[in-house]
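Residue-level structural notes
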Amino acid sequence: MDAASPRFGQYEPARRTLVHLSDTHLLAGGRRLGGRYDTTENLRRTLEAVDALELRADALVVTGDLTDLGEPEAYRALRRAVEPLAERMGAPVAWVAGNHDERPALRSALLDGDATLAPVTGVWDLAGLRLIALDTTVPGWHHGELDQAQLDWLRQILAEPAPLGTILAMHHPPLPSHIPLFDILELRDQHRFAAVIAGTDVRAILAGHLHYSTSGSFAGVPVSVASATCYAMNLARPAQEVNGMDAGQAFQLVHVYDDTITHSTVPVVDAATGDYFSAEWVARMAALTPQERLEEFSRKR
């Protein structure tokens, strides 16, 4: 038994682990977003928090608004920041386009491809788990759409199930928001998307765009929205008055099991933490029998 991740309960360890970040909104030269938010520093703190987990992740997924203005230098800075961490984790990076991104610069600066307006999509085989990146962006606009060509492409891929199922990554979430501004910038014509994924092996949808963590379901598929690394929405206000704040940044840990997928929100905070549980504590529990563990930790004293 591996003491780092022993089985103490009825579930086997996760089959795959993904790190889900969103909305980095970098600006060239490290400029502050709106003169207020240090998106470069906030990304650094987020990546430092991910690195501290010492994960061997299967993928690092960044669901859009990678830059704020689509500047090539901002994409290059993002790449310099993220790729070393992904290499240490042994994970590919799935870059997803967001409404603040510009396809030509994203393609050339992040993907080493041609600077075209073609949708930025991708498919990764994560040892049986299929990850598909969709492009919900509309050049020149901030709302989201999936055109018929992309839906046809997705339908063709999903026609053959993957051994561990499929996870979709996209920027605009197919969910309602209680904040009025996001209604204007939502993913349009969602019924067409639902018709493509209904009854397929799609097990989860990862998204961003909202700058706050939320979840729901769409066409019977769980949807998990990651908060932003740049700034988060202050939901502790009336919906009509919700605005951004330089707090609440977070990322998601996605654990894929045989029968379920969990999405855990990890806040990026500096806070004192208790020291009761540790690798040594886990190793001590692992050395006990199941009944001894219950006596040691479950029985009320």
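Just so we're clear, the structure is a prediction, and the values are computed from it rather than from any experiment.

Moving on: helix α1 (residues 39-51). Three- or four-residue spacings in an α-helix give side chains the same orientation, since the helix completes a turn every 3.6 residues. In a regular helix each residue adds 1.5 Å, so 13 residues correspond to 18 Å; α1 covers 18 Å between its end C-alpha atoms and thus fits that length. Looking at the packing, one finds that the buried side of α1 touches β1 (16-21), α2 (72-89) and β12 (250-256).

We now examine the sheet that holds strand β5 (residues 129-133). Read from one edge of the open sheet, six strands run β4-β5-β6-β7-β9-β8, paired in mixed fashion. Of all the strands in the sheet, the pair left with one neighbour each is β4 (122-126) and β8 (214-218). Across the sheet, the mean angle separating the axes of adjacent strands is 20° when strand polarity is ignored. Note: strand β6 (residues 166-169) against strand β7 (residues 202-207), four bridges, orientation parallel. By the bridge assignment, Thr166 is partnered in β7 with Val202. Along the sheet, helix α4 (residues 148-158) makes contact with β4, β5, β6 and β7, crossing β5 at roughly 175°. Relative to β8, helix α6 (residues 190-197) is tilted by about 70°, and along the sheet it contacts β6, β7, β8 and β9 (221-225).

Moving on: the pairing of β7. Of all six residues that make up β7, six are buried, and the element is covered over most of its length. Where β7 and β9 come together, three bridges link them in parallel fashion. The residue bridging Ala207 from the neighbouring strand is Val225, located in β9.

Procedures and definitions
Residues numbered from 1 in each chain as written. Predicted model: local features only at pLDDT ≥ 70, side-chain atom pairs only at ≥ 80, totals over all residues. Heavy atoms only, no water. Helix = DSSP H or I, 4+ residues; strand = E, 2+ residues; numbered from the N terminus. Expected span 1.5 Å × (residues − 1). Contact = heavy atoms within 4.5 Å. Pairing = 2+ DSSP bridges. Axes fitted to C-alpha atoms, helices over the stretch in contact; angles between N-to-C directions. Buried < 20%, exposed > 50% of the residue type's maximum accessible area, 1.4 Å probe, protein only.

Keep in mind these numbers describe shape, not what the thing actually does.
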